[in-house]
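# Analysis of the macromolecular model
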Amino acid sequence: MNYRHAFHAGNFADVLKHALLARVLTYMIAKPAPLRFVDTHAGLGVYDLTGDEATRTGEWRDGIARIDAAAVPPALADVMAPYLAAVGPRGADGAWRSYPGSPAVAQWVLRPEDRLTLCELHPEDAEALKRETGRDPRVRVLASDGYAALNAVLPPPERRGLVLVDPPFEKTDEFDRLLAAMLRAHARWPTGSYMLWYPLKNRAAVGRFAAGLARSGMKRVLQVHLLVGDPDAGPLAGCGLAFVNPPYVLKGEAETLLPWLAETLARPGQATEWTVRWLAGE
Ligand SMILES: C[S@@+](CC[C@H](N)C(=O)[O-])C[C@H]1O[C@@H](n2cnc3c(N)ncnc32)[C@H](O)[C@@H]1O
C-alpha cells in the first residue's frame, strides 16, 4: 500500500468527485429520514496543503486553486455551493492551508441525525482519520478493507444513504474488484445510492468496466467522464464516476457542470473532453 492521497488532494479529480459528492448528499438530506454515508476508501479526512506531499506535486494548484480563482457562472452557483462551503474560505492571509477529503465533505453536508462509516486500511491513515473525526459522534472509523466491510455494513439500519468507493488503483485487478464489490453491495442493498471513482488511463479496462455495469442488470447507472488533458501524456489527466441510483436531477446538473470544469481545469495546450450518459436506464 504505497498510495498516499496527500500527494493528490485538491487536484482536478478531487474537485469533480467532491463537488458531485456534496451535491448528491445535499439532495439526499432534503428528505427528513436519517441516512448513512459509507466511504470504503476514506483517506485522511483532511489534507495539509502546506505539507511535504502536497507541496512536492502542487496538484491542488491546478485543481481547487483554479476553481477558487475562476468566477463560478450563475447557472452553476447552486450546483457548486455545497462543495465550496465544505472547502471553506482561504486563510485571512489569502493562503490555502488545508483541503477536505471525502469524509470531511460529508461531515460538512450531513445532519446530526445522519451517520458516517469510514473505512481506511492503511494503519497510520486510519489513526489520523480517527484523530480527525474523533469528536464527531456521527462517525465510526473502521481500520479495515473497505470492500470487505461492505458485507458487514450493508444494508444500514437507516435504509437510505450513499456508498462512495474510491480505491487507489494500485492493483492491476482494481476494476474487477470494484465491479464485483458493486454487484455484491447492490445484491445486499439494491435501493442504496452508490458512487464509484476510477481513473481514465487504460481505455480497454474502462470499457470492460462500463460494459460490466451496463450488463449487470442494475438500473439507473450514470457515467460521468472528465479529461482535462491528454490521457496518454504525463500524469493522470482524466477520471470517471459511476453512479447507481443517483438523484434524478444529477444528469442535468452534471451536463451543466462538466463543460465548465473542463474549461477551468484544462491543461495548457491540451484538448479536454467530458461525457455524461446513462449506462443503464430506468
Ligand atoms: C483515493 S484515496 C481516498 C480519498 C478519499 N476518498 C477522498 O476523496 O478524500 C484511497 C485510500 O484508500 C486506502 N486504501 C487502499 N486500499 C484499501 C482497502 N482495501 N480498504 C480501505 N482503504 C484502502 C488508501 O490508504 C487511501 O487512503
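Details of the structure are given in the entry above.
Reference entry: report on the structure contained in this document. Please read these numbers as outputs of a predicted model, since none were measured by experiment.

What follows deals with the pairing of strand E8 (residues 221–227). Where burial is concerned, most of E8 is hidden: 7 out of the 7 residues are buried. Alternating positions in E8 separate into two faces, Val221, Gln223, His225 and Leu227 on one and Leu222, Val224 and Leu226 on the other, with burial throughout. Bridging between E8 and strand E9 (residues 238–244) involves 7 bridges; their strand directions are antiparallel. When the bridges of E9 are listed, Gln223 appears paired with Ala242. Across 7 bridges, E8 lies against strand E10 (residues 273–280) in antiparallel orientation.

So, on to the pattern of salt bridges. Under the criterion given, the structure shown has 17 salt bridges. For Arg97, the salt bridge identified is with Asp93, shortest N-O distance 2.5 Å. Residue Arg97 is classed as partly exposed on the basis of its relative accessible area, which comes to 43%. Glu113 is the salt-bridge partner of Arg111, the closest N and O atoms lying 3.6 Å from each other. Within the structure, one salt-bridge network assembled from shared partners comprises Arg4, Glu124 and Asp125.

Moving on, we come to the pairing of strand E1 (residues 36–39). By the alternation rule, side chains of E1 split into Arg36 and Val38 and Phe37 and Asp39, which are all buried. With 4 bridges joining them, E1 and strand E4 (residues 115–119) adopt parallel strand pairing. Residue Asp39 lies in a different strand from E4, and its bridge partner there is Leu118. Judged from the 4 bridges that link them, E1 and strand E6 (residues 161–165) form a sheet pairing that is parallel. Paired with Arg36 across the strands is Gly161, a residue of E6.

Before going further, it helps to spend a moment on the environment of Met1. As for its placement among the helices and strands, Met1 is situated in the segment before helix H1 (12–28). C-alpha of Met1 to C-alpha of Glu170: the two residues are 169 residues apart in sequence and 7.7 Å apart in space. The residues touching Met1, leaving out its near neighbours within four places in the chain, are Glu120, Leu121, His122 and Glu170.

Attention shifts here to the sheet that holds strand E5 (residues 139–142). Read from one edge to the other, the open sheet built from 8 strands follows the order E5-E4-E1-E6-E7-E9-E8-E10, with strand pairing classed as mixed. Of all the strands in the sheet, just E5 and E10 have a single pairing partner and so form its edges. Direction aside, neighbouring strands of the sheet carry axes that sit 15° apart on average. Sitting on the sheet, helix H6 (residues 123–133) is in contact with E4 and E5, with an inclination near 170° to E5. Along the sheet face, helix H9 (residues 203–215) touches strand E7 (193–199), E8, E9 and E10 and points at about 165° away from the line of E7.

Rules behind the numbers
Residues numbered from 1 in each chain as written. Predicted model: local features only at pLDDT ≥ 70, side-chain atom pairs only at ≥ 80, totals over all residues. Heavy atoms only, no water. Buried < 20%, exposed > 50% of the residue type's maximum accessible area, 1.4 Å probe, protein only. Helix = DSSP H or I, 4+ residues; strand = E, 2+ residues; numbered from the N terminus. Pairing = 2+ DSSP bridges. Salt bridge = Lys/Arg side-chain N within 4 Å of Asp/Glu carboxyl O. Contact = heavy atoms within 4.5 Å. Axes fitted to C-alpha atoms, helices over the stretch in contact; angles between N-to-C directions.

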